[in-house]
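# An overview of the molecular structure
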Amino acid sequence: MVLDAKIPEGKLEDKWRNYQIQSKLINPANKKKLSVIVVGSGLSGAGAAATLAELGYDIHCFCYQDSARRAHSVAAQGGINAAKNYQHDGDSIWRMFYDTLKGGDFRSREANTYRLAELSAPLIDHYTQQGVPFAREYGGTLVNRSFGGVQVQRTFYARGQTGQQLLLAAYSQLYKMVRSKKVTMHTRSEMMDLVVIDGKAKGIIVRDLITGELQRYVADAVVLATGGYSRVFRLSTLAIGCNGSAIWKAHKKGAYFAAPSFTQIHPTALPQSSEAQSKLTLMSESLRNDGRIWVPKKKDDTRVANDIPEDERDYYLERRYPSFGNLAPRDIASRAAKERIDAGHGVGRLKNAVYLDFKHAIERFGKQTIADRYGNLFTMYKKITGVDAYTKPMMISPAAHFSMGGLWVDYELMTTVSGLYAIGECNFSDHGANRLGANSLLQASVDGYFILPNTINNYLAQEIKSERPDIHHVEFDKAEQGVKDYVDRILSVDGTKTADHFHRELGKVMWNDCAMSRNKTGLEKAINQIEDIRRQFWSDVKVTGESKELNTELEKAYRLADFIELGILMCKDALQREESCGAHFREEYQTEDGEAVRVDDQFTFVSAWDYDEGNFALHKESLEFEFVQPTVRSYK
């Protein structure tokens, strides 16, 4: 298959406008005849469902949580980027576009990345009008702060709970449409398979998580807004329920999976404290605005942090990256922390953390100012660790966080399956090999509110001429039977080990060999180990209970089965990309001082994988740089 990104003609700054001018329209009366399924109710899903409903489409929205308010967008803390230039510090759409393209190590499309920056400014106005309580100066002007990888202040925030406030705004709009009977909301419902008829996405098979019953839903188009897949590492900043199963089922039905090995390790999370731990806690990147990261210069130093004098502290980010200091991009900050920990300078009980210290910021600005900026984060830290970060440094450690990879989509956000769209974190479109902080909420929001509602018309304008199939179509029969057989197969193994046991084993392999640094030997070993885990899983997993009931053990097991396959693909993708770029760091491709070395003449492409019955066939979308030429990514 030739991958056509459908990039519009014209100057970079004119492409989105040209697309909108030429796109097809559907009159309001006809929109009422068209139905769209939206899977996921986070920022991208809720935004898309609410906006499409306001346009007149019949919308069915699905989430596995008991309320759309529990979508994982709620966990985002630090802020959302926009090129408003309120600080008059030289920001612009072009600068934001370049920062994002460079931050992703030139492994994303120019047109998609520029559109992200272009739509950022109106998005802030949109949220402000919805009542989001962004932080303001005394005079009422919206205030900004910096995030990693930039030298301007463009991040809008609501203290340390920006994701929660944005999700509440999206949730309000969504439930306004639910009350208007323009959206039908299906909570505690999990997509188990995609139904494809004559090459087009026409519906889904859903499992009711309370009763276990399988249900069929038909529509003219399907939108996936199901988030990222970093739970493949098991220990991550994601909620326990987050999974990659919806996009994996779509992948197995023909949707190409792009750059699966591009996964982000966040530099500021609470360190792992035991083997029994089930998740890690994110501490916002915004803390790096005022906090200084350091480790003791002395190896295996056992002194408490406040007893270590200044001249015996290594502020390693400031030392290695003086231009950006503690606000170096996430991939660089995480690798630098790992290097210091591996070299014997780690702190904490397990020597697996570094310090994040606010002493100097409090001396300069006062405790109250720091409390105003980060108070809820300091409260959360004390609640979890028992340590007062106003008087002692925080201890932080890198943790699996965001997925830059996802389903391949074109400029219209359509996958390689006609009528199937992927929006937000579950697609690969804007971030390249590394996402800059505060761009996640931005992408999720503009995909759902602004982009999809303008691009889906092009497809639906044709579908209105076709008769919609019903749920008794033979492809629905096949899909539902396939789900039943799959669930029965898992339940019938009746082995001796839990799904959690196998997830721990998978997580260890992925973290050791396909996380912050990778190498050929380790990746080949990891593929063999994961294939062995897959064999053991299907011969020795123990799932208690039945399928026709609330069964969280069954949910863990069938999601893990998808993670195992995904883990193999991630390692294969990392193995074939023989270069270092962004979060993908191949140890064989680095400078003498440990910086990444890209191989542009061979790897300036997006890898897009066809499932191919589990054989994983690689396709390549060549990246053309017409307006910006890739340069060495340096933050020194």
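What you see is a predicted model, and the numbers here were worked out from it, not measured in a lab. Position labels on residues start from 1 in each chain and follow its written sequence. Side-chain atom pairs in this predicted model are given and counted only at pLDDT of 80 or more, local residue features only at pLDDT of at least 70, and totals for whole chains, interfaces and linings cover all residues. For side-chain calculations, the full set of non-hydrogen atoms in the structure is used, while hydrogens and water are omitted.

### Points about the pattern of salt bridges
Here, a salt bridge means any side-chain nitrogen of Lys or Arg that lies within 4 Å of a carboxyl oxygen of Asp or Glu. Inspection of the entire model under this criterion finds 52 salt bridges. One salt bridge connects Glu 480 with Lys 484, and the closest N-O pair in it is separated by 3.6 Å. Separated by 4 residues within a single helix, Glu 480 and Lys 484 lie in helix H14 (residues 474-493), roughly one turn from each other. For Glu 480, a relative accessible area of 12% puts it in the buried group. In this structure, a network of salt bridges that share partners links the residues Asp 105, Arg 107, Arg 577, Glu 579, Arg 598 and Asp 600. Strands here mean DSSP runs of E at least two residues long; helices mean DSSP runs of H or I at least four residues long; both are numbered from the N terminus. Relative accessibility thresholds used throughout: buried, under 20% of the residue-type maximum; exposed, over 50%; partly exposed, between the two (1.4 Å probe, protein chains only).

### Points about the packing of helix H15 (residues 499-513) against helix H17 (residues 552-576)
Axis definition: a line fit to C-alpha positions, over the contact stretch in the case of helices; interaxial angles, taken between N-to-C directions, run 0 to 180 degrees. Between H15 and H17, the shortest axis-to-axis distance is 10 Å and the interhelical angle comes to 15°. When the interaxial angle is binned, H15 and H17 end up roughly parallel. Crossing geometry of H15 relative to H17 is assigned as left-handed. Residues Ala 499, Asp 500, Phe 502, His 503, Leu 506 and Met 510 of H15 form the contact with H17, whose own contacting residues are Lys 556, Ala 557, Leu 560, Phe 563, Ile 564, Gly 567, Met 570 and Cys 571. Its residues assigned to classes, the contact of H15 with H17 shows 10 nonpolar, 2 polar and 2 charged. Working definition: roughly parallel below 35 degrees, roughly antiparallel above 145 degrees, roughly perpendicular at 65 to 115 degrees, and oblique for all remaining angles. Left-handed describes a crossing in which the near helix is turned anticlockwise from the far one by less than a right angle; the clockwise case is right-handed. Whether two residues are in contact is decided by their heavy atoms: any pair within 4.5 Å suffices. Three classes are used, and their members are as follows: Ala, Val, Leu, Ile, Met, Phe, Trp, Tyr, Cys and Pro are nonpolar, Asp, Glu, Lys and Arg are charged, and the others, Gly among them, are polar.

### A few points about the sheet that holds strand E20 (residues 617-622)
Across a sheet, paired strands are connected by hydrogen bonds in the backbone, their directions being either parallel or antiparallel. Pairing between strands is defined by DSSP: at least two bridges between them are needed. Judged by pairing direction, the sheet is mixed, and its 5 strands sit side by side in the order E18-E16-E10-E19-E20 without closing on themselves. The outermost strands of the open sheet, each flanked by one partner alone, are strand E18 (427-428) and E20. Contacting strand E10 (257-258), strand E19 (605-610) and E20, H17 crosses the sheet at an angle of about 145° to E19.

Spatial relationships are all this shows, so hold off on functional conclusions.
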